[in-house]
Amino acid sequence: MADIKDFKLPDLGEGLEEGEIVEWHIAVGDVIELNQTVASVETAKAVVDVPSPYAGKVVELVGDVGETLEVGTVFVRIEVGAGASSGGADSQTALDESAPGSGSTGLDADSEPQPLVGYGNREGGGRRRRRGGAEAQDAELGNGQITQATTPLAKPPVRKLAKDLGVDLASIASGSGPEGSITRGDVRKAAATGIVAGQMSAAATAAPPAPAAAPKREARGVVKSLVGAAEPAPRLVAAAAGEKPVPGFRGRYPGEVEQVRGIRKRIIEKMEHSRRDIPHALCATDADLTDLWALRKDLTAQAQADGFDVKITPFALIMRATVLALRRFPTLNARYDQQANEIHLLEPIHLGVAVDTDRGLIVPNIKDAHAKSTLQLAIETVELAAKCRDGSATPAELTGGTFTVDNYGFFGNDDGNPIINAPEVGILGISAIRERPWVHQGEIAVRRVARFQLAFDHRVCDGGEAGRFVTYMAELCESPTKILLHS
Amino acid sequence: MAVTMAQAINKALGDAMQEDDRILIFGEDVGKLGGVFRITDKLQETFGEARVYDTPLAESGIVGTAIGLAMYGYRPVPEIQFDGFSYPAFEQIVSHMAKMRNRSRGRIKLPITLRIPYGGGIGAVEHHSESPEAYWAHTAGLKVMTPGNVADAYSMMREAIAMDDPVIFLEPKRRYWMKADVELPVKTEPTHKAVVAREGTDATVIAYGPMVKTALEAAEAGNEEGLSIEVVDMRSLSPIDTDTIVGSVKRTGRAIVVHEAAQTLGIGSEVAARIQELAFYHLEAPVLRATGFDTPYPPAMIEEYWLPSVDRILDLVEKTMDY
Amino acid sequence: MADRHVPAGVTTRDPADTEGCPDPRDLLPPDEPVHLVDSDGTFHDDPDHPVDLDDEQLKLLYRHMAVTRRVDREAINLQRQGQLGVYASCMGQEAAQVGGAFALADNDWVFPSYREMGAAVVKGVDTGLLLHLFRGTWLSDHDVYEHRYALLSIPIGTQALHATGFAMGAKFENNPIVVMSYFGDGATSEGDPHEAMNFAGVFKAPVIFFVQNNQYAISVPLSAQTAAPTLAHKAVGYGMPGLRCDGNDVLATYAVAKQAVERARRGDGPAMIEALTYRMEAHTTSDDPTRYRTKEELEAAAATDPIARYRNFLTKRGLWDDDFEEQVNDEAGLEAQRMRDEIYEAPHGDPTEVFDHVYVDSTGYYERQRPFMQAELQAGKGA
């Protein structure tokens, strides 16, 4: 069987898509040599002489002179091995040939721009294939790898949806999306069961701040991580029997999972350290604060008449008393430096005040409380508490306290067992001021009574001093004129 | 023992030259003068003019002859005096240095370490404060690395010189005088790895070269305000250690990339693209970039307002916390 | 892969030999380019430019030129047959290339541009391998260390710096080899050859800058390329001699090149040779030179054809006979066939090979793209 080769009209590198046969230089039946010119083909304005890639007998010529053929179509068929040798053809002609190679194309308006440097535009080469290359990429993306999610996974639009619907992503036990991520469906389902998270709603109402509003660092520290705008009071919804639990205080509800981070993390660290490393001892004295209580309205009126928009609460007066008591019993305003083996009795009193916020317990302190009046203490307490709640308290305000006062009476408690705010050595708990039967001037009377409960570091303070401190507190507060006397 | 980054690089060059005869150091003013930043100080004295020599003022020539020398069998460590003057050598770098191994199908290797001091913050006149790293990192065939601290400067330089691939070694010139207590020689992480320079939980700040120090300062300042910032020092711009970077962002959920170079099409764009591709479900906020502006580098008196600062970084960190 | 030379280190050297400034007159080219053989084959002996070749070598020169023309034509044919995307012919420049390269010793190196088929033939490079660049199967496919013929270089003139660097490397360890750097008249306008020649002069590197002045840079004639009296006049600016020869006279070219090469080998530094020749074909197969040069000019150039001229010389010398002619034709034909066998329908390799040679050590690289391409290829197979 003869070996017949097809010579397809080549892409001559001119961006050629078709060519017109101008002249055949061979005829069917001719025995031709390798590189022998078979035809002159017109591309745009110039003519290209096309040499044969095969030596052999011409079997077929496809196309007449004047006919246009597409690149890639067969235009000559040659039976190889028939006749002429395949190699070393026509070297003499080649050597003598000094005319320039013909067929270089010019550029005209009708032709494609010649590429000069390569095959040119290969339209036919843009084959389509079956789609699916992206699958390999998925495998590489690590989509298959479920990371140990310590935070809820969700793509950004889902996070927004969750915020808008007030759903806490952390509350959704497992997402049904890739990598365990939470989907729109998961969020909508969670929302439909009536779970409203207090935590997320705050962020939902706050728009991201414009960059121009970002404050300069030198001016003041901005602790945006504590952002939590004044939030709506948690909606109390009554749950029907058998339904999922509804949110309780501050929107918390059974089944939710809180990630330990930020403030909570710090609280945990501090509480563990305090209880573990400081031997706490307690002593308490009850006090009749009836007279103190009576003062508050007058003092408030005074303050406001002087132009200060603040309430003078019994707590403010108690703070003033605390300062006096600390001066008298300085071991309670101290620092124990274990490494240096020293106990420093501190001169300034930076009075810490426990503030209850939605994000947790925060304890700012009033600097140099010993130098401040009752009014000032009252004002600063209010200011600091507000800052803690809106997240704008500075690091300076949050550190450096020397003694703390904890007013759990605000919650209605009669007693407490406060934990010392390390590295301080004492914390004074103040109970609710409650009307009680009391012995007053020898008779049973209804008086307003509170308990002062001191927790102290028994390494640094002895019971003698601590006990007397708390008794002195009671004394001062029972007779407020003493506060005036010793101020 | 306190050592500056300049001294660390100088020692790395000397130690390398001691161990391998085939290493050559050349460039403008590197010989007698010891380099305009003294990085090649006393090397000519120690190793002779044959191995440490001054070239004519011709950056393309410096890199082109380095290629010829590397083909011959040497290990050239040429210097381009300043970032802004690397451009005359651009063609030799991207058309030849980066491509020769590939186009020779693996037969030719060019173990060249091209040293280029870069970055601003030194109050310089024009063209001496550029950050061209994106051009090199975008060019396949080059390795691009930049130390952010003294120990890395030594270790990464030693590793770069020992590599058989062409390296663009970008030296953060504003940190040349940064001091640290390091015993040299020292070996730090392999150069292709990024390193968590400081751990944190709220956000990841990703930086390289001169901005690593700034990023660490921002993290320290942020800490005072209750922000727990993790800092990743990229170290390698080509390759980029995606695993370390993405791993960090998966933990914190927030990323801010910092570089002096202009924002558009800077390294930050690539890092952001990879993060959003690989940590999509972990993101609490979009990836933000604290960078220079899309303008030519400013005059010396204005550069402090133009370059990323501790405040610019923290503002963006806070922005991510707001989402 | 051929053994690469590993340098033993660097010996002492004087970086900028200042044994006194050279006299510029010694460096400027002569008024007339060196010419030894007329078109009719008449040889003019020039004692200043001796031709120290025996009969075998004289015939070898012809063989090299004949083979060059033959494989060059074959490459053009292959392009016309759709086997190459483009090809840059050296037709008419055979004497310039062969004459220059013939002056080199075995261990000497050639740093070509992309048109030096003649130099490749002299060095014994498999010319088919050089065509892979033009076919697009890979970017180049010969081992430079095997025949000491560097990679083809497309960015104009940039290779001159590589040549200089390589020569400097040799000089640093007193390796008495010489590097021949080829580029054209157009390249002398680029910055890199200027920097290369400057470096070479300062470091006294053993490199010969062989400028083939074929009168055109694509369509731009020499007159638009430079205002210098000749290209060789530029050499004085680099402190090296500027030599000129009739590039279509293989013996003149050889003689001039030999002197320059041996001078460099002695340690006397670089030189620049301007070989006057003519590019008979188009810039590449996609170029149309009829748009910028006349038929008359072409015919005049053809009359100075280097191969015909040298054949006449050999005839006059009594070295030409039918047997020799047949032998050369056969050899040329065989080389052409070898080239054709290498290239015709040569398939490209695995496309993912693009990832293989980018780095010696690709640790840490984002290796996601290779499987991506592999997946696309897999999907394509099913189509």
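The shown structure was predicted, so the numbers you read here are calculated from the model rather than taken from an experiment.

Here is what the cut-offs are and how they apply
Residues numbered from 1 in each chain as written. Chains lettered and ligands numbered in written order. Predicted model: local features only at pLDDT ≥ 70, side-chain atom pairs only at ≥ 80, totals over all residues. Heavy atoms only, no water. Helix = DSSP H or I, 4+ residues; strand = E, 2+ residues; numbered from the N terminus. Buried < 20%, exposed > 50% of the residue type's maximum accessible area, 1.4 Å probe, protein only. Lys, Arg positive; Asp, Glu negative; His and termini not counted. Salt bridge = Lys/Arg side-chain N within 4 Å of Asp/Glu carboxyl O. Polar contact = N/O pair within 3.5 Å; in protein donor to acceptor, adjacent residues only side chain to side chain. Contact = heavy atoms within 4.5 Å. Expected span 1.5 Å × (residues − 1). Arc of directions from axis to C-beta. Phe/Tyr/Trp six-rings, centres within 6.5 Å; stacked < 30°, edge-to-face > 60°. Pairing = 2+ DSSP bridges. Axes fitted to C-alpha atoms, helices over the stretch in contact; angles between N-to-C directions. Patch = residues over 30% accessible without salt bridge, like charges linked within 9 Å, V, L, I, M, F, W, Y side chains within 5 Å. Areas by Shrake-Rupley, 256 points an atom, 1.4 Å probe, with all protein chains shown as cover. Buried area = accessible area lost by both parts, 1.4 Å probe. Core = buried A, V, L, I, M, F, W, Y, C linked by side-chain atoms within 4.5 Å.

J.: Mind showing me how you'd approach the side chain of C:R135 here?
T.: Tracing the sequence through the fold places C:R135 in helix α6 (residues 132-135). Comment: no salt bridge for buried C:R135; closest opposite-charge side chain is C:E345, at 4.8 Å. Polar contacts involving the side chain of C:R135 include one to the main-chain carbonyl oxygen of C:A346, which spans 2.9 Å. If we ignore the near neighbours within four places in the chain, the residues touching C:R135 are A:Y119, C:Q83, C:L84, C:G85, C:I343, C:E345 and C:A346.

J.: Can you help me understand the pattern of salt bridges in this one?
T.: Opposite charge on two side chains lets them pair, provided their charged atoms get close. Residues and elements named next belong to chain C. In this structure the tally under the stated criterion is 56 salt bridges over all chains. Measuring nitrogen to oxygen at the nearest pair gives 2.9 Å for the salt bridge that ties D356 to R370. Here the residue D356 occupies a position in the loop between α14 (322-343) and α15 (369-382), and R370 occupies one in helix α15, the gap between them amounting to 14 residues. With relative accessibility at 38%, the residue D356 sits in the partly exposed group.

J.: Any chance you could explain helix α8 (residues 211-224) of chain B here in plain terms?
T.: Because each turn of an α-helix spans 3.6 residues, side chains separated by three or four positions in sequence point in the same direction. Residue and element names in this part refer to chain B. Its 14 residues place the ends of α8 20 Å apart at the C-alpha level, agreeing with the 20 Å of an ideal helix rising 1.5 Å per residue. Within the sequence span of α8, burial applies to M211, V212, T214, A215, A218, A219 and G222. Each buried residue of α8 lies within a common arc of 160° when the element is viewed along its axis, so the set occupies one face. Buried residues in α8 make contact with β9 (195-198), β10 (203-207), β11 (229-233), β13 (255-262) and α12 (310-321). Positioned one or two residues after α8, G226 has a phi angle of 90°, which is positive.

J.: Just checking my understanding: could you explain α14(C) for this structure?
T.: Residue and element names in this part refer to chain C. Relative to the 32 Å expected for 22 residues at 1.5 Å per residue, α14 spans 31 Å between its end C-alpha atoms, a close match to the ideal helical length. Within the sequence span of α14, burial applies to F324, V328, N329, A332, G333, E335, A336, Q337, M339, R340 and I343. Taking the backbone nitrogen of D323 as reference, a side-chain oxygen 3.1 Å away marks D321 as the first, capping residue of α14. Following α14 by one or two positions, E345 has its phi on the positive side, about 55°.

J.: Could you clarify how one ought to interpret the packing of aromatic side chains in this entry?
T.: With the rule as written, the count across this model stands at 40 aromatic pairs over all chains. Between B:Y87 and B:Y135, the aromatic rings sit 6.2 Å apart at their centres with planes inclined by 75°, giving edge-to-face as the arrangement. Residue B:Y87 is located in the loop between β4 (75-79) and α4 (90-97), and its partner B:Y135 is located in helix α6 (residues 133-137); the two are separated by 48 residues in the primary sequence. Note on B:Y87: relative accessible area 30%, which makes it partly exposed. With relative accessibility at 44%, the residue B:Y135 sits in the partly exposed group. A ring pair is formed by C:Y182 and C:F210, whose centres lie 5.3 Å apart and whose planes are at 45°; its orientation type is tilted. Note that C:Y182 is positioned in strand β2 (residues 179-184) and C:F210 in strand β3 (residues 207-213), a separation of 28 residues in sequence. Owing to a relative accessible area of 0%, C:F210 belongs among the buried residues under this scheme.

J.: Just to check I follow, could you spell out the sheet that holds β10(B) for this structure?
T.: Residue and element names in this part refer to chain B. Pairing in this open sheet of five strands is mixed, and the strands run β9-β11-β10-β13-β14 from one edge to the other. Each edge of the open sheet carries a strand with a single partner, namely β9 and β14 (288-292). Adjacent strand axes in the sheet meet at a mean angle of 30° when their direction is disregarded. Where α8 meets the sheet, it contacts β9, β10, β11 and β13, and its direction lies at approximately 170° from that of β11.

J.: So what exactly am I meant to see when it comes to a nonpolar patch on the surface here?
T.: A contiguous nonpolar surface patch, about 400 Å² in accessible area, is contributed by B:M301, B:I302 and B:Y305. By the element assignment, B:I302 lies in the loop between β14 and α11 (303-306).

J.: What am I meant to see in the interface of chain C and chain B here?
T.: Facing the 58 residues of chain C at the interface are 54 residues of chain B. Together, the buried faces of chain C and chain B total about 4,700 Å²; carbon and sulfur atoms form 59% of this surface. The largest contributions to the chain C side of the interface with chain B come from C:H162, C:V360 and C:Y366, which together make up 13% of the buried area. Inspection of the chain C/chain B interface yields four salt bridges. In this structure, the salt-bridge partner of B:R105 is C:E353, at a minimum N-O distance of 2.8 Å. Applying the counting criterion to the chain C and chain B interface returns 26 residue pairs in polar contact (both at pLDDT 80 or more). Among the elements of the structure, α7 (144-147), α8 (159-172) and α9 (191-203) of chain C are those that each provide at least two residues to the side of chain C that touches chain B.

J.: Which parts of the structure should I look at to understand the sheet that holds strand β1 (residues 3-8) of chain A?
T.: Adjacent strands of a sheet form backbone hydrogen bonds with each other and so pair up, either parallel or antiparallel. Residue and element names in this part refer to chain A. Sheet architecture is open: four strands sit in the order β1-β8-β6-β3, paired in antiparallel fashion. If you trace the sheet from one side to the other, it starts and ends with β1 and β3 (31-32), each paired once. In this structure, β3 lies alongside strand β6 (residues 56-61), joined through two bridges in antiparallel fashion. Across the sheet, residue V31 finds its bridge partner in β6, namely K57.

J.: Looking at this model, I keep getting lost on the nonpolar core. Mind explaining?
T.: One recurring pattern in soluble globular proteins: nonpolar side chains tend to sit buried together. Counting 85 residues, the largest nonpolar core has A:F75, C:L131, C:L251 and C:Y310 as its most contacted members. Contact partners of C:Y310, with chain neighbours within four places excluded, come to C:L58, C:L61, C:Y62, C:M65, C:V250 and C:L251. Counting residues in each nonpolar core, the second largest holds 83 residues, with B:Y53, B:M100, B:A194 and B:Y208 among its members.

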